[in-house]
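# Residue-level structure breakdown
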Amino acid sequence: MHLPRTPSLKLFAGTAHAELASAVADHLGIALGGLQITRFADGELYVKFEESVRGTDAFVLQPTCPPIDANLLELLVLVDALRRASADRITCVLPYYGYARQEKKAAPREPITAKLIANLIATAGASRIVAIDLHAEAIQGFFDIPVDHLTSIQIIGDSLVAKNLRDVVVVSPDEGRVKTVRKIAGRLNAPLAVGYKVHPDHGVSDITHLAGDVRGKTCIVYDDIISTGGSINEIIDALLENGARPEITVACTHPVLAGRAVERLSRPEIKELIVTDTIPLRRKAQRQNHRPFRRPPVRRGHPAHPRRRIRFFPISGVSRHSYPVETTRAESASGTLRRMSSIT
Ligand code: R5P
């Protein structure tokens, strides 16, 4: 009898987040595939797979996080090499999809870069995409290949439920995040508040209105991405102006934390910042993780928080730091991973 041959699964790590790739490989009980990634003296990238990939079911894990263009090009080159080496199927695991926020023309003569990137990845030879919490769900449709869109909302929701906070309002910093935030609010059986955000200038956020009653409430703010921290700072100001308790939990899936974001978020009203490991924490944020946030001067009406930290929830289900809460979250986190691996 002739049995169809099942292609063997191989997982390769780009340089963007080797730690997450190792964690996924450990979880799957496989070794990462051999791969050489170097640069020539002039800066040109060179990659070479160091084992046969012919006929394999190849996965490349590479969030296109900062440095975005370098990580993106590396992904394209890796996919090209796999295709030319006759991999049977090439899945790009993109825990973070850079350029996702340029998914439409918001003004005349702008590009739609999120679509261009999708074209580039497919043209390079990808057969399938696995993504987590895409900035806009419509980005799935930018690809003419299958997209498995996973979410970290269960993991983040579990961690918030475990806190047993009282009088909670779950807050979306803008209209775009309402659908997701409603799911978290549902988990917590809590009401919703929504900021109305405008961008008066490039990369500048301004919250002009707040819908929902937050007076005297404990607020949880969720956003998909924290980049400069501007949106979070703005919504926190709006919540405080509207009488929210100055003990706010902030959660996000993708901690880009660009520029001075860590310093900007070092404010007394943020009790805790909860993030996942879809992208590596910048060194500055890691340092922050191991020591208290800068202790701010105690101001009237602002309680001092002697110790706050960035709490890290691994999407891979593998604990990176020794926070007890992570151990308890590992099961649900690996649920996400199982969904990831069940598509193989
Ligand atoms: C925008 O719509 C996103 O959901 C985030 O709110 C935004 O990208 C965060 O960027 P920043 O931290 O720079 O305000």
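Just above, that's the structure.
Here we summarise the structure given alongside this text. (Residues numbered from 1 in each chain as written. Predicted model: local features only at pLDDT ≥ 70, side-chain atom pairs only at ≥ 80, totals over all residues.)

### Brief notes about the sheet that holds strand E5 (residues 89–94)
Spatial strand order, E1-E4-E5-E6-E7: five strands in an open sheet with parallel pairing. Both edges of this open sheet fall to strand E1 (9–13) and strand E7 (147–150), since each of them pairs with a single strand only. Between one strand and the next, the sheet's axes are offset by a mean angle of 20°, whatever the strand orientation. As defined by bridge partners, E1 adjoins strand E4 (residues 57–61) across five bridges and the pair is classed as parallel. Paired with Phe-12 across the bridge in E4 is Val-60. (Pairing = 2+ DSSP bridges. Helix = DSSP H or I, 4+ residues; strand = E, 2+ residues; numbered from the N terminus. Axes fitted to C-alpha atoms, helices over the stretch in contact; angles between N-to-C directions.)

### Re the packing of helix H2 (residues 68–84) against helix H3 (residues 113–124)
One can describe the packing of H2 onto H3 by two numbers: an axis separation of 8 Å at closest approach and a directional angle of 25°. Here H2 lies roughly parallel to H3, going by the angle between them. Residue-level contacts link Leu-72, Leu-75, Leu-76, Val-79 and Asp-80 of H2 to Ile-117, Leu-120, Ile-121 and Ala-124 of H3. Here the contact of H2 with H3 is built from residues that sort into eight nonpolar, no polar and one charged. (Parallel < 35°, antiparallel > 145°, perpendicular 65-115°, else oblique. Contact = placed C-beta atoms within 7 Å. Nonpolar A, V, L, I, M, F, W, Y, C, P; charged D, E, K, R; others polar.)

### Looking at the site of the ligand
The ligand sits among 15 residues. The nearest are Ile-225, Ser-227, Thr-228, Gly-230 and Ser-231. Among the elements of the structure, strand E11 (218–226) and helix H6 (230–241) are those that each provide at least two residues to the shell around the ligand. The greatest single-element share of the shell around the ligand, amounting to four residues, is contributed by E11. Here the residues of the shell around the ligand are counted per class, giving three nonpolar, seven polar and five charged. (Near = placed C-beta within 6 Å.)

### Details of the sheet that holds strand E8 (residues 168–172)
In spatial order, the strands read E10-E9-E8-E11-E12-E13-E14; together these seven strands make up an open sheet with mixed pairing. If you trace the sheet from one side to the other, it starts and ends with strand E10 (204–211) and strand E14 (310–313), each paired once. Averaged over neighbouring strand pairs, the angle between their axes works out to 25° when direction is ignored. When E8 meets E11, the two strands line up parallel, connected through four bridges. Paired with Val-168 across the two strands is Thr-218, which belongs to E11. Relative to the sheet, helix H5 (residues 178–188) contacts E8, strand E9 (192–201) and E11, its axis offset from that of E8 by approximately 165°.

### Notes on unusual backbone geometry
A cis amide bond, omega -5°, links Pro-66 with the succeeding residue Pro-67. Its location among the elements puts Pro-67 in the loop between E4 and H2. Even without being a glycine, Tyr-99 presents a positive backbone phi close to 75°. Here Tyr-99 shows up in the loop between E5 and H3. Accessibility expressed as a C-beta count within 10 Å gives 20 for Tyr-99, which makes it buried. Phi is positive for Asp-133, which is not a glycine, with a value near 40°. You can see Asp-133 is positioned in the loop between strand E6 (128–132) and E7. With 24 C-beta atoms packed within 10 Å, Asp-133 lands in the buried category. (Buried ≥ 20, exposed ≤ 12 C-beta atoms within 10 Å, placed from the backbone.)

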